[in-house]
Amino acid sequence: ATKPGPTSLQFPIAGGSLAPDAGEGALQTSGGVQILKKAEPFSPTLKLVNGQIDFKAKTIGFEFEIGPTPPFPGVAGRSVLADVVLRSPVAADPIKRTIAIVDAEARLQAAAASTLNDVFNQPPPAPPSSSNFVLGDPLGTLSMTVQAQ
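Residues numbered from 1 in each chain as written. Predicted model: local features only at pLDDT ≥ 70, side-chain atom pairs only at ≥ 80, totals over all residues. Heavy atoms only, no water.

**Q** Go over the packing of aromatic side chains with me, naming the residues and quoting the values.
**A** One pass over the structure, following the stated rule, counts two aromatic pairs. Ring centres of Phe42 and Phe72 lie 6.0 Å apart, and the angle between their planes is 75 degrees; on these two criteria the pair is classed as edge-to-face. Here Phe42 is found in the loop between strand S3 (32–36) and strand S4 (45–54), whereas its partner Phe72 is found in the loop between strand S5 (59–67) and strand S6 (74–85), with 30 residues between them in sequence. Each member of the pair, Phe42 as well as Phe72, carries the same accessibility label: buried. (Phe/Tyr/Trp six-rings, centres within 6.5 Å; stacked < 30°, edge-to-face > 60°. Helix = DSSP H or I, 4+ residues; strand = E, 2+ residues; numbered from the N terminus. Buried < 20%, exposed > 50% of the residue type's maximum accessible area, 1.4 Å probe, protein only.)

**Q** Account for the side chain of Asn117, naming residues and giving values.
**A** By the secondary structure assignment, Asn117 is in helix H1 (residues 110–120). Here Asn117 falls in the buried class, since its relative accessible area comes to 18%. Setting aside anything within four residues of it in sequence, one finds Asn117 in contact with Asn132 and Phe133. (Contact = heavy atoms within 4.5 Å.)

**Q** I'd like a description of the pattern of salt bridges, backed by residues and values.
**A** Counted by the stated rule, this structure contains three salt bridges. Here Glu63 makes a salt bridge to Arg78, at a shortest N to O gap of 3.3 Å. Residue Glu63 is found in strand S5, and its partner Arg78 is found in strand S6; the two are separated by 15 residues along the sequence. Since its relative accessible area comes to 32%, Glu63 is described here as partly exposed. For Arg78, a relative accessible area of 43% corresponds to the partly exposed category. Of the charged contacts in the structure, one is a salt bridge between Arg87 and Glu105, with a shortest N-O distance of 3.4 Å. Here Arg87 is found in the loop between S6 and strand S7 (91–93), whereas its partner Glu105 is found in strand S8 (residues 98–108), with 18 residues between them in sequence. Judged by relative accessible area, which is 16%, Glu105 ranks as buried. (Salt bridge = Lys/Arg side-chain N within 4 Å of Asp/Glu carboxyl O.)

Note that every value here comes from positions in space, so none of it alone points to a role or purpose.
Below, the structure written as structure tokens:
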């Protein structure tokens, strides 16, 4: 489950609230990403849209859509994708009214790893176990500067 090089994605913050220390609150994003595996007899896809970062739970979730249908369910609802680890101090600037988070790490949760394996590690024959998604797989980093009202 690797990609040859890094990819940078940007999602606009669509709403929410955040404590100055990022210990409470949730931010919603708009937009999304579609992941496709070209395969025969079908090409599985996973759409992740309308993300939500829950700072109290330290998680990020998305609305999942898994296709093609059948064999997959289509719109599968909102699920948590990853745990979020704040690796550096949150910088709150009361003068500029901003809260900055830099290089927070997103790590795959077990249920999401299972879903990704069900979607992308088929059709048969089964891929080598080294291509399996597992709990704690790094998904990337999150950085943001939030403008307060």
